[in-house]
Amino acid sequence: MLYIFFAILAVIAVGYFIAKKVHAASSIFAVGVLLLMIAAATGRIDHSTADIESSGNAFYDELLIIESLFKSRFAGTGMAIMVLFGFVGYMRHIGADAKTVVALSSPLRRFHGSYWLVPIGFAVATLLSFVVPSASALSLLLVATLMPALIAAGLTPLTVGAIVATASTIAPSPLEAGLIQGAELTGMTVTEFTFGNVAKATIPALVVIAFVHMWWQRHCDKKDLVKSGAGASDAELEAAKDSESERRIREAVERAEGLPGFYAILPLLPLLLIIVSAALNRLGVVSFEAGILPVTVVSLMVTMIIEAIRLRDVNYATDSLQEFFKGLGEGAAGVVSLIVAAAILVEGITQMGVIEALTNLAQASSGAAVLMVLVFVLATAAMALLTGSGVAPYFAFSEMVPGIAADSAVSAPQMLTSIWAASNTMRQASPVNAAVLIVAGALQVNPIDVVRRTAVPLTAGAVTAVVCAFLFVV
């Protein structure tokens, strides 16, 4: 219990620093490193999940773990984030992003900033998650495309950020790793398990998330307006939104002036190429699905060639690529630093035994079948909130389900659907979740500000999914 107390203190300390407006990445990193040093001093390093070659010294081994986390985060998701930030920086330099904002916001502005744009935007983003199943990759693409258009259409930045952060949650895709494993555990085909069972619980939950989003974002916008001293009436809220929307549209029109119309497509190239790649892969034309980094590099080079032709100046077009590398630095300093710091904190929490304790609690649960499932769901949700991951909590519990279900009145599909929904909704109510950190970095706000916007809709979705699993899944 002492070690769990240390972990709880660490989480409280991070919350305190962030509440005091201390730099988020610095706060998380400092507390995470301190927690790892405590783990080294108390012999808890054996609980590490990191794959390193031990030096024989616990303190130095913890530093090696930190090194491995830096390498893995920068080499994987971090590199994709940096490359896309660089691409966005180049698009901003040539004005193509402004052209996209003008083109996309024109039809959206017919809603006059109505909060009906929230469920519409959430639905569009969720549909895209079938093509781009990675939550962090989808968030990156939406930050560069949908986010500026919805903000220019009249929604507040934090409202749009919440839509983007919750884009990839519980869409019932047969390509999702957890659902593939769930099908194997239940002896079903992936499509039978996904569409015949999971979809019955998650589709109603997605509808609930969409409309709770609409209500909650409006509520939060009014509260933020009161804090700013501008009042809280509907008229004042609409006036504030319209003013911000007009400013962004005016700025975009000025920056896009003189550019060809087709430049509006250039910032969308990475997303379009990923969709085309996925479609060709499904049709069996190609044997792979392109990742974020390759399609972004192709999009960058195509854009540079177009710029050279338009300006008739190869030297200037090539020289402008320095904006891409400046964007790389912005991505590293803003978002990737948060992701690395969060990984270090999660590693410290793991070594303190919190995750192990939650798993043991779920394993030891007994009694009424419904109560047992609720313990699993709550433990999974708690792990998702602590780690920001939906995969780790689900896989920690899913292997136990068939055996437990055989001795209870609850079926394996019901239990698997419940814990999968809990883990994949509540991960994006975590301030260390990659999608949340990407949105926070793009908007230059505290991750806690984003979580305040996502927690209520996602909690409503998780509860709905669990209830529907009991009602409709057999």
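Residues numbered from 1 in each chain as written. Predicted model: local features only at pLDDT ≥ 70, side-chain atom pairs only at ≥ 80, totals over all residues. Heavy atoms only, no water.

Comments concerning the packing of helix H2 (residues 24-41) against helix H16 (residues 322-351)
Applicable threshold: To get an axis, fit a line to the C-alpha atoms, keeping to the stretch in contact for a helix; angles then go from 0 to 180 degrees between the N-to-C directions. Helix and strand assignments follow DSSP, with helices taken as H or I runs no shorter than four residues and strands as E runs no shorter than two, numbered in order from the N terminus. Under this scheme an angle from 65 to 115 degrees is roughly perpendicular, one under 35 degrees roughly parallel, and one over 145 degrees roughly antiparallel; angles in between are oblique. Two helices that cross are described as forming a left-handed crossing if the nearer one is turned anticlockwise from the farther one by less than a right angle, and a right-handed crossing if clockwise. Contacts between residues were defined by any pair of non-hydrogen atoms, one from each residue, lying within 4.5 Å. Basically, the charged four are Asp, Glu, Lys and Arg, the nonpolar ten are Ala, Val, Leu, Ile, Met, Phe, Trp, Tyr, Cys and Pro, and anything else, Gly included, counts as polar.
Direction vectors running N to C along H2 and H16 enclose 30°, while the axes themselves pass 8 Å from each other. The pairing of H2 with H16 is recorded here as roughly parallel in orientation. As H2 runs across H16, the sense of the crossing is left-handed. Taking contact as the criterion, the partners of Ala24, Ala25, Ile28, Phe29, Val31, Gly32, Val33, Leu35, Leu36 and Ala39 in H2 are, on H16, Ser337, Leu338, Ala341, Ala342, Ile344, Leu345, Glu347, Gly348, Ile349 and Gln351. When the residues that make up the contact of H2 with H16 are grouped by side-chain class, the tally is 15 nonpolar, four polar and one charged.

A short note on a nonpolar patch on the surface
This is how it is decided: Patches were defined on residues exceeding 30% relative accessible area and lacking a salt bridge, with like-charge contacts within 9 Å and nonpolar side-chain contacts (Val, Leu, Ile, Met, Phe, Trp, Tyr) within 5 Å. Only the protein chains shown count as cover for residues, and the accessible areas themselves come from Shrake-Rupley with a 1.4 Å probe. The salt bridge criterion pairs a side-chain nitrogen of Lys or Arg with a carboxyl oxygen of Asp or Glu, the two atoms within 4 Å. Throughout this description, buried means an accessible area under 20% of the type-specific maximum (1.4 Å probe, protein chains only), exposed means over 50%, and partly exposed covers the range between.
Judged by side-chain polarity, Phe111, Trp116, Ile120, Val124, Ile203, Val207 and Phe211 come together as a nonpolar surface patch covering roughly 620 Å² of accessible area. For the nonpolar patch, the elements supplying multiple residues, two or more each, are helix H6 (117-128) and helix H11 (190-227). Broken down by element, the nonpolar patch gets its largest block of residues, three residues, from H11. By the secondary structure assignment, valine 207 is in helix H11. Judged by its relative accessible area of 44%, valine 207 falls in the partly exposed class.

Some words on the environment of histidine 213
The following threshold applies: Here a polar contact is taken to be a pair of N or O atoms separated by no more than 3.5 Å, where protein atoms must pair a possible hydrogen donor with a possible acceptor and residues adjacent in sequence count only if both atoms sit in side chains.
Residue position: histidine 213 is located in helix H11. By relative accessible area, which is 0% here, histidine 213 ends up buried. Along the chain, histidine 213 and threonine 454 lie 241 residues apart, while their C-alpha atoms are 7.9 Å from each other. What histidine 213 contacts, discounting residues up to four positions off in sequence, is Val118, Phe122, Ala162, Ile163, Thr166, Arg453 and Pro457. Within the local environment of histidine 213, its side chain forms a polar contact with the side chain of threonine 166, the two groups lying 2.9 Å apart.

Everything listed here is a matter of geometry and, on its own, says nothing about what the molecule does.
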